[in-house]
Amino acid sequence: MTAPRAPLLLLLLLGACSDPYENTVVALRAGDLDRAVAAAEGTEWEAFVRGNAAFAKSEAAEQLDLRIALAEDALAAWRTAAMTR
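Note that the structure is predicted; figures quoted are calculated from it, not measured.

*Asks:* What is the right way to read the overall build of the protein from this model?
*Replies:* In terms of regular secondary structure, the protein is built from five helices and zero strands. Start at the N end of the protein and walk to the C end: the helices and strands fall as α-α-α-α-α. For the protein, buried positions account for 24% of its 85 residues. Pairs at least 24 apart in sequence give 29% of the contacts found in the protein among residues at least 6 apart. When the accessible area of the protein is evaluated, it comes to approximately 6,600 Å², of which 61% is carbon and sulfur surface.

*Asks:* Just checking my understanding: could you explain the confidence of the model for the protein for this structure?
*Replies:* Note that predicted coordinates carrying low pLDDT should not be read in detail. On average, residues of the protein score 85 in pLDDT, and 80% of them reach the 70 mark or higher. When pLDDT is averaged over each element of the protein, helix α3 (residues 33–40) comes out on top at 97 and helix α1 (residues 5–16) at the bottom at 48. In the predicted structure, residues 8–14 sits below a pLDDT of 50 and forms zero contacts with residues beyond four places in sequence or in another chain.

*Asks:* Which parts of the structure should I look at to understand the packing of helix α4 (residues 46–60) against helix α5 (residues 64–83)?
*Replies:* Each pair of packed helices gets described by two things: the angle between the helix axes and the distance between those axes. Across the interface, α4 lies against α5 with an axial gap of 7 Å and an inter-helix angle of 165°. The orientation of α4 with respect to α5, classified from their angle, is roughly antiparallel. Judged by the sense of rotation from one axis to the other, the crossing of α4 with α5 is left-handed. Residues Ala 47, Phe 48, Arg 50, Gly 51, Asn 52, Ala 54, Phe 55, Lys 57, Ser 58 and Glu 59 of α4 pack against Arg 67, Leu 70, Ala 71, Asp 73, Ala 74, Ala 77, Trp 78, Thr 80 and Ala 81 of α5. Residue composition of the contact of α4 with α5, grouped by class: 10 nonpolar, four polar and five charged.

*Asks:* Help me understand the packing of aromatic side chains in this model?
*Replies:* We describe a pair of aromatic rings using the distance from one ring centre to the other and the angle between the two ring planes. For the structure on display, the rule yields two aromatic pairs. Each ring, one from Tyr 21 and one from Trp 45, has its centre 5.8 Å from the other, and the planes form 85°; the classification is edge-to-face. Here the residue Tyr 21 occupies a position in helix α2 (residues 20–30), and Trp 45 occupies one in the loop between α3 and α4, the gap between them amounting to 24 residues. Ring geometry for Phe 55 versus Trp 78: centroids 5.7 Å apart, planes at 45°, classification tilted. Taken together, the residues span a long stretch of sequence, with Phe 55 in helix α4 and Trp 78 in helix α5 at a distance of 23 residues.

*Asks:* Just to check I follow, could you spell out the side chain of Ser 58 for this structure?
*Replies:* Tracing the chain through its elements places Ser 58 in helix α4. Of the polar contacts made by the side chain of Ser 58, one reaches the backbone oxygen of Phe 55; its length is 2.6 Å. Other than its neighbours up to four places away in sequence, Ser 58 contacts Arg 67, Leu 70 and Ala 71.

What counts as what
Sequence order as written defines residue numbering, which begins from 1 separately in each chain. A pLDDT threshold of at least 70 governs which residues receive local features in this predicted model, and a stricter bar of 80 or more applies before side-chain atom pairs are shown or counted, although totals over entire chains, interfaces and linings include all residues. Only hydrogens and water are removed before side-chain values are computed, so all heavy atoms of the structure are retained for them. In this text, helices come from DSSP runs of H or I with a minimum length of four residues, and strands from runs of E with a minimum of two, each type numbered from the N-terminal end. Buried means the residue's accessible area, taken with a 1.4 Å probe over protein chains only, is under 20% of the maximum for its type, while exposed means over 50%, and partly exposed covers the values in between. Here a residue-residue contact requires only that any non-hydrogen atoms of the pair lie within 4.5 Å. Method for areas: the Shrake-Rupley scheme with a 1.4 Å probe, in which residue coverage is limited to the protein chains shown. The pLDDT value tells you how sure the predictor is about a given residue, anywhere from 0 up to 100. In this description, a line fitted to the C-alpha atoms serves as the axis of each element, helices being fitted only across the stretch in contact, and the angle between N-to-C directions of two axes falls anywhere from 0 to 180 degrees. In what follows, roughly perpendicular refers to angles from 65 to 115 degrees, roughly parallel to angles under 35, roughly antiparallel to angles over 145, and oblique to any angle outside these ranges. In this scheme, a crossing is called left-handed if the near helix is turned counterclockwise away from the far one by less than a right angle; it is called right-handed if the turn is clockwise. The nonpolar class holds Ala, Val, Leu, Ile, Met, Phe, Trp, Tyr, Cys and Pro. Asp, Glu, Lys and Arg form the charged class, and all remaining residues, Gly among them, are polar. The aromatic pairing rule takes the rings of Phe, Tyr and Trp, using the six-membered ring of Trp, and pairs them if the centres are within 6.5 Å, calling planes under 30 degrees apart stacked, those over 60 edge-to-face and the rest tilted. Within 3.5 Å is the distance limit for a polar contact, defined as a pair of N or O atoms, with the added protein rule that one can donate a hydrogen and the other accept it, and that residues adjacent in sequence qualify only through two side-chain atoms.

Written out as structure tokens, the structure reads:
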């Protein structure tokens, strides 16, 4: 038995019109930092998410110079987030 197409299309359309906050949270929970930053783009919490992603990447980096650079990026993003509040 096949499902009617109209309700299925409606569900697909509703899924495509999703909430940026929800997309950001889902991506963060999945550990997909790049997708989380992309989902937060243009929102008021974008800088905060960018800072968290940079900090998480700094913890995962193996090279010391990369860890330091990413931590500095995180700090800069968090400062931006604090100034926009």
